[in-house]
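Geometric and topological summary
So the chains spell out like this:
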Amino acid sequence: RVDEWTDVDRKRVMNDIISAMFKKNFMEELFKPQDLYSKKALRTVYDRLAHTSIMRLNQASMDKLYDLMTMAFKYQVLLCPRPRDILLVTFNHLDAIKDFISDSPGILNQVDETFQQLMETYNCLSDGEFQLIRQTLLIFFQDMHIRVSIFLKDKVQNSNGRFVLPISGPVPWGTEVPGLIRIFNHKGVEVKRAEFTTAGNYSTPQREGSFELYGDRVLKLGTNMYSVTRPVETHMSGSSKNLASQAKENIVPNPLAKEELNFLARLLGGLDIQKPAGGETGFRLNLFTTDEEEEHAAQTRPEELSYKVINIEATQEPGRRAELSRILGELEVAEPRPGSAEKGEDLLALMDGL
């Protein structure tokens with residue numbers, strides 16, 4: 001069934017993607033201490049993850065899916081009441097993923113193992129370290145202002161693509177409702193109090209979200225955005241287009257290019273593209289209403305955001321050239337031929353998604 005999407009198909013695709021995403025060697029690479037990599041590296045991994053099932057997306061639909069994913073995550077990080085709540089957002093993601101594969105115990109076990117890794121790695125961090133993580137993530141997303149219809153309709157995003165921070169509602173767990181100033185003397189004894197009026201309508205949270213394997217996270221960030229069925233569209237805002245036109249790739253050789261290829265080779269090595277079996281043609285997922293809309297989006301997307309090619313400046317030393325060639329070889333897979341069921345990409349095709 002090429003044009004029909006059923007629950008059986010959905011379950012199969014979700015199982016394939018989630019199984020690949022939580023593969024042991026892939027997770028091991030992600031959990032290694034390392035610097036934050038570029039948007040291009042993220043996009044490469046995301047493209048490969050999306051194609052680990054028999055589902056296929058063309059460039060325009062992939063762009064739209066990536067835009068939606070990045071802006072949704074930016075919204076979740078930006079609105080976290082306190083830095084440590086980034087972990088609760090992640091647990092909400094994992095809880096939703098476990099619902100998708102509840103009848104697949106093997107994959108469910110992979111997700112639970114990742115949960116344990118998250119707890120062991122991050123639960124012991126201080127609030128200051130979580131704040132540094134949050135700032136690092138927001139710096140990564142700071143120039144991305146893509147308008148998403150679901151956010152615009154809910155009035156959590158302005159027409160320029162910037163998110164609206166609430167000035168009312170529950171305060172972060174462990175803090176007090178603003179409106180009181182305490183003054184202490186040099187001995188630490190409170191000597192005076194003063195009250196002031198706030199612009200927002202604040203309340204005290206009833207309880208802290210659970211950091212256990214199973215529990216009430218309380219925080220709703222990271223849960224399903226589609227509680228009401230509605231179309232989701234992404235649009236480049238005017239400011240984003242201006243930024244895009246200015247964001248040309250720096251032609252100065254990047255000393256981290258080789259290290260980034262190392263990183264990609266290790267990550268992508270564990271993500272095999274699913275090949276349709278027998279006469280199966282696979283699914284083409286279109287995130288637009290019609291094929292014509294999809295084609296138009298591909299033609300009108302700013303060139304700088306199409307991520308078509310990565311320019312890598314290799315050094316002249318023979319030893320380093322040989323090492324770089326070895327890394328490129330690890331990334332290389334076969335080019336699909338017309339009429340063939342095989343799916344593959346060589347390095348440039350792999351980076352086509354960038």
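Now for a description of the structure that goes with this document. (Residues numbered from 1 in each chain as written. Predicted model: local features only at pLDDT ≥ 70, side-chain atom pairs only at ≥ 80, totals over all residues. Heavy atoms only, no water.)

Observations regarding the overall build of the protein chain
- Along the protein chain, the regular secondary structure elements total 13 helices and eight strands.
- Each of the 354 residues in the protein chain was classed as buried or not, and the buried ones make up 40%.
- The long-range fraction of contacts in the protein chain, counting pairs at least 24 apart against all pairs at least 6 apart in sequence, stands at 74%.
- As displayed, the protein chain offers around 20700 Å² of accessible surface, 54% of which is attributable to carbon and sulfur atoms. (Helix = DSSP H or I, 4+ residues; strand = E, 2+ residues; numbered from the N terminus. Buried < 20%, exposed > 50% of the residue type's maximum accessible area, 1.4 Å probe, protein only. Contact = heavy atoms within 4.5 Å. Areas by Shrake-Rupley, 256 points an atom, 1.4 Å probe, with all protein chains shown as cover.)

Some points on the packing of helix α4 (residues 59–78) against helix α7 (residues 127–141)
- Remark: α4 packs on α7, axes separated minimally by 10 Å, with the N-to-C direction vectors making an angle of 145°. For the pair α4 and α7, the crossing hand works out as left-handed. Along its contact with α4, which presents T70, F73, K74, V77 and L78, the element α7 presents R134, L137, L138 and F141.
- Classifying every residue of the contact of α4 with α7 by side-chain character gives six nonpolar, one polar and two charged. (Axes fitted to C-alpha atoms, helices over the stretch in contact; angles between N-to-C directions. Left-handed = near helix turned anticlockwise from the far one by under 90°. Nonpolar A, V, L, I, M, F, W, Y, C, P; charged D, E, K, R; others polar.)

Considering the packing of aromatic side chains
- Across all of its chains, the model carries eight aromatic pairs by this definition.
- Consider the rings of Y75 and F163, whose centres lie 5.3 Å apart with planes at 45°: the pair is tilted. One end of the pair, Y75, is in helix α4; the other, F163, is in the loop between α8 (149–153) and β3 (169–170), with 88 residues separating them in the sequence. F163 shares its class with Y75; the two are buried.
- Between the aromatic rings of F151 and F163, the centroid separation amounts to 5.4 Å while the plane-to-plane angle is 80°, which identifies the pairing as edge-to-face. Taken together, the residues span a long stretch of sequence, with F151 in helix α8 and F163 in the loop between α8 and β3 at a distance of 12 residues. Across this residue pair, the class does not change: F151 and F163 are buried. (Phe/Tyr/Trp six-rings, centres within 6.5 Å; stacked < 30°, edge-to-face > 60°.)

Topic: the pairing of strand β4 (residues 180–184)
- Here β4 pairs with strand β5 (residues 190–195) via five bridges, running antiparallel. Paired with I183 across the two strands is K192, which belongs to β5.
- Joining the antiparallel neighbours β4 and β5 is a turn of five residues, in which G188 adopts a positive phi near 85°. (Pairing = 2+ DSSP bridges.)

Focus: a nonpolar patch on the surface
- On the surface, a cluster of nonpolar side chains totalling about 420 Å² of accessible area is made up of I181, I183, V189, V191 and F196.
- Residue placement: F196 occurs in the loop between β5 and β6 (202–203).
- Taking relative accessible area as the criterion, F196 reaches 40% and is therefore assigned partly exposed. (Patch = residues over 30% accessible without salt bridge, like charges linked within 9 Å, V, L, I, M, F, W, Y side chains within 5 Å. Salt bridge = Lys/Arg side-chain N within 4 Å of Asp/Glu carboxyl O.)

Considerations on the pattern of salt bridges
- A full pass over the atoms with the stated rule returns 13 salt bridges.
- A salt bridge links E190 to R182; its shortest N-O distance comes to 3.8 Å.
- Residue classification places E190 among the partly exposed positions, given a relative accessible area of 31%.
- Counted as one network, the salt bridges with shared partners bring together E176, R182, E190 and R193.

A word on the nonpolar core
- Counting residues in each nonpolar core, the largest one holds 44 residues, and the members touching the most others are I18, F22, Y75, F91, L94, V111 and F151.
- Put simply, the parts of the chain that give this core at least two residues each are α2 (24–31), α3 (39–50), α4, α5 (85–100), α6 (105–122), α7, β2 (146–148) and α8.
- The element that contributes the greatest number of residues to this core is α5, accounting for seven residues.
- Non-local contacts of I18, meaning those with residues more than four positions away in its chain, are made with I97, F100, I101, I107 and V111.
- By size, the runner-up hydrophobic cluster in this structure holds eight residues, among which are I17, Y46, M62 and Y66. (Core = buried A, V, L, I, M, F, W, Y, C linked by side-chain atoms within 4.5 Å.)

Quick notes on the environment of C80
- Structurally, the position occupied by C80 is in the loop between α4 and α5.
- With a relative accessible area of 7%, C80 lands in the buried category.
- Residues C80 and L221, 141 residues apart in the sequence, show an inter-C-alpha distance of 7.5 Å.
- For C80, the contacting residues outside a window of four places in its chain are D85, I86, V89, R134 and L221.

A short note on α5
- In a regular helix each residue adds 1.5 Å, so 16 residues correspond to 22 Å; α5 covers 23 Å between its end C-alpha atoms and thus fits that length.
- Along α5, the positions that sit buried rather than exposed are D85, I86, L87, L88, V89, F91, N92, L94, D95, I97 and K98.
- The secondary structure elements touched by the buried residues of α5 are α1 (7–21), α4, α6 and α7. (Expected span 1.5 Å × (residues − 1).)

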